[in-house]
Amino acid sequence: MSRRLRVRQAQTVLPFGVGAVLDIQGESFVATGIGDWPKLRQPVESPRLAAKLGVSAFYAAPSTTNDRYDRPEAAGAPYIRFPTWLFCGSCRRMVRWRIADEKPGTPPRCPSCSPLRQLTPMRFVQICAAGHLGDVDWWFWAHSRRDAAERQSCTSREQLRFRVSERAAGLEALSVTCTAKDCGASRDLLDVLGTHGLHCSGRNPWQRAGEAVACGKPAQIVQRTAGNLYYPVVHSALDIPEGDTPATTDQALAALVIENDMWIPLCRASAGPRADAFREIIREETGADDALLDALLAEETGAALPPSGEVSTTSARPDLSREEWAAFTAPTPPATRDFAIRDATLGLAQESDEPWAGLHHRVGRIVLADRLREVRALSGFSRVSPDAAIVPADTARRLKWLPAVEVFGEGIFLTLDSARLTDWEKDDDVRRRVAGMRTDLDGSFRKEQLSGLTGTELSPRFVLLHTLAHLLIRQLAFESGYTTASLRERVYARPEHDQYGILVYTGAGDAEGTLGGLVQQGESPHLAETFLRMIEAAAWCSADPLCAEHTGQGFGNLNRAACHACALLPETSCETGNTLLDRALVIGGDRVPGYFESVVSSARAAAAAALEQAQP
């Protein structure tokens, strides 16, 4: 029976989008560029996201039907076999597989074995910082210990064996051997990972030979499932009712910039030493980014825009939060078919006892989203590191659209009390704590990428709200029926836009969305109880006191009191890649007051009093 290999429509954006390697049923493939996509594809509407990314449209790959109605010849998102070097687990022969060797519905078979055995893909590939991916030159690897003259004396390029030694362990037990006549060159894989002077092909596997470019980046050998092989650049936007939402558009933001008192001084000193100071003031007072300031300056002074290669990576992650924040906080919640929200409460308005009264005073508005529509688009990817060169989804750079998928779901939106939050932010210990994180962020290569979420400067409210979103997701996973990987966050915490809330939501690639379990947890009294249990759980971590007292942990030391045991989430759930988290700002810690510290203390006192009363 021929096998059927399927990739769901939502997976063609993440995690198996353009450039990603897919392992399935013992075979390995790579997703090709969108230039090879079939013409039969589904349009995805998202005007806000299209305007921010500067594209004309979004399209989703054709959806896969079920087993009964599936047609093998139906067009879908194209994937090609990679790596092309395969080996037989029985005779250990290595085979260079070509497209002409493919047989629909049948996996590769070893031509030397009887009965025929399925070939296995080699587990190592090579990548470079320019975003290229290719096969390891195994012939060169086997002959790399010999000089150039001896290598040239070998007349065969593909008579290789992938051997396993019983006298060694690990990579040292694996070796590639040339079986050509009078050769016998061999080398084990003990030090295969890393750079070895290998030549980069200058292209990705789906690109034609004529599309290769001269690449000066060193090729690096990694496992084909390594984490640094693929870093997708994914953007998302909620479908909100634009007509009824008092959104701050780009045109309105440009008007704010031009009306600012520092605009004329900036135009006069645009190339002078004081330009950066004027820019900083305008950014803080209006929320405009450098891309908009550069465009307005070019229009006003006739100066040239920065080269495309020097544009700030902040523009690569457009800020769509202003419109979404306005929609969720509108006095009269707008409603459409794909944006159905309603106000709710914690149900604590009449409570005078602690900790419920303290919780009520620190949480602001609760909004339940019975139905949300989100569009996720893939603009490109990078390899080796997240800050490496971005390869566009259309590697030929001829198309004006991007691959996308729409998902439907539900969510809980909540805000903190604005006045109490502002007073808490002014505390010297809080500002000192966040200043250390800001210093680490300024020295990180992810600064510009994350500034699209944090704003021009990392604020205490962002770290607090971001950590609160993580803690809430972890607690809801116990009570709502969803796993942590199926819940996502959106943090609205830019002081320049007067934001102070979070959205925890879930989405599924189905027209009906989800089943209401998350919204049900947002109803009264469930959310208040969930919130209190979340705060109590956050007050203790199995890694304490090390976690609570840490002065810098995680990627780039961008976290403080946050680890896998207490605050971290799956990467798909977090906007910042599990960075900029600090549990101490929520529940308090050494020399820093937490926003909910008094609630934690009251809950402990109430629990102790209840225990004393229960004792005879």
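Residues numbered from 1 in each chain as written. Predicted model: local features only at pLDDT ≥ 70, side-chain atom pairs only at ≥ 80, totals over all residues. Heavy atoms only, no water.

### Observations regarding the overall build of the protein
Okay, step 1: Helices and strands together make up the secondary structure of the protein, namely 17 helices and 23 strands.
Okay, step 2: Relative to its length of 616 residues, the protein is compact, with a C-alpha radius of gyration of 28 Å against a globular reference of 25 Å.
Okay, step 3: Counting only C-alpha atoms, the protein reaches 90 × 80 × 50 Å along its principal axes.
Okay, step 4: Split into buried and exposed, the 616 residues of the protein put 48% on the buried side.
Okay, step 5: For the protein, long-range pairs separated by at least 24 residues make up 71% of all intrachain contacts whose partners lie at least 6 apart in sequence.
Okay, step 6: Summed over all atoms, the accessible surface of the protein reaches about 29500 Å², with 49% contributed by carbon and sulfur.
Okay, step 7: Across the protein, the 67 positively charged side chains and the 77 negatively charged ones have centroids separated by 11 Å. (Helix = DSSP H or I, 4+ residues; strand = E, 2+ residues; numbered from the N terminus. Rg over C-alpha atoms; globule rule 2.2 N^0.38 Å. Buried < 20%, exposed > 50% of the residue type's maximum accessible area, 1.4 Å probe, protein only. Contact = heavy atoms within 4.5 Å. Areas by Shrake-Rupley, 256 points an atom, 1.4 Å probe, with all protein chains shown as cover. Lys, Arg positive; Asp, Glu negative; His and termini not counted. Charge placed at Lys NZ, Arg CZ, Asp CG, Glu CD.)

### Focus on the sheet that holds strand β14 (residues 194–195)
Okay, step 1: With antiparallel pairing, the four strands of this open sheet are ordered in space as β10-β9-β15-β14. Since the sheet does not close on itself, it has two edges, and those belong to β10 (133–135) and β14, each with one partner. (Pairing = 2+ DSSP bridges.)

### Concerning empty space enclosed by the protein
Okay, step 1: Going through the model one piece at a time under the given rule, you end up with two cavities of 30 Å³ or more.
Okay, step 2: In this structure, the largest cavity spans a volume of roughly 40 Å³.
Okay, step 3: Along its surface, the largest cavity is lined by Thr-12, Phe-16, Gly-17, Val-18, Ala-31, Thr-32, Trp-37, Ala-77, Pro-78 and Tyr-79.
Okay, step 4: When grouped by side-chain class, the residues that make up the lining of the largest cavity number seven nonpolar, three polar and no charged.
Okay, step 5: Quantified by volume, the second largest cavity comes out at close to 30 Å³.
Okay, step 6: Along the walls of the second largest cavity sit Gln-126, Ile-127, Cys-128, His-132, Leu-133, Gly-134, Cys-200, Ser-201, Arg-203 and Ala-219, which together make up its complete lining.
Okay, step 7: Looking at the lining of the second largest cavity, the elements with two or more residues in it are β9 (124–127) and β10. (1 Å grid on protein atoms, 1.4 Å probe; cavity = no way out; pocket = protein on both sides within 12 Å on 5 of 7 lines; lining within 4 Å. Points joined across faces, edges and corners; volume = space filled by probe spheres on them. Nonpolar A, V, L, I, M, F, W, Y, C, P; charged D, E, K, R; others polar.)

### Re helix α13 (residues 460–479)
Okay, step 1: Helix length check: α13, at 20 residues, gives a terminal C-alpha distance of 29 Å against a target of 28 Å (1.5 Å per residue), a fit within 8%.
Okay, step 2: In terms of residue burial, α13 counts as a mostly covered element, since 16 of its 20 residues are buried.
Okay, step 3: Once α13 ends, the next one or two residues include Gly-481, with phi positive near 95°. (Expected span 1.5 Å × (residues − 1).)

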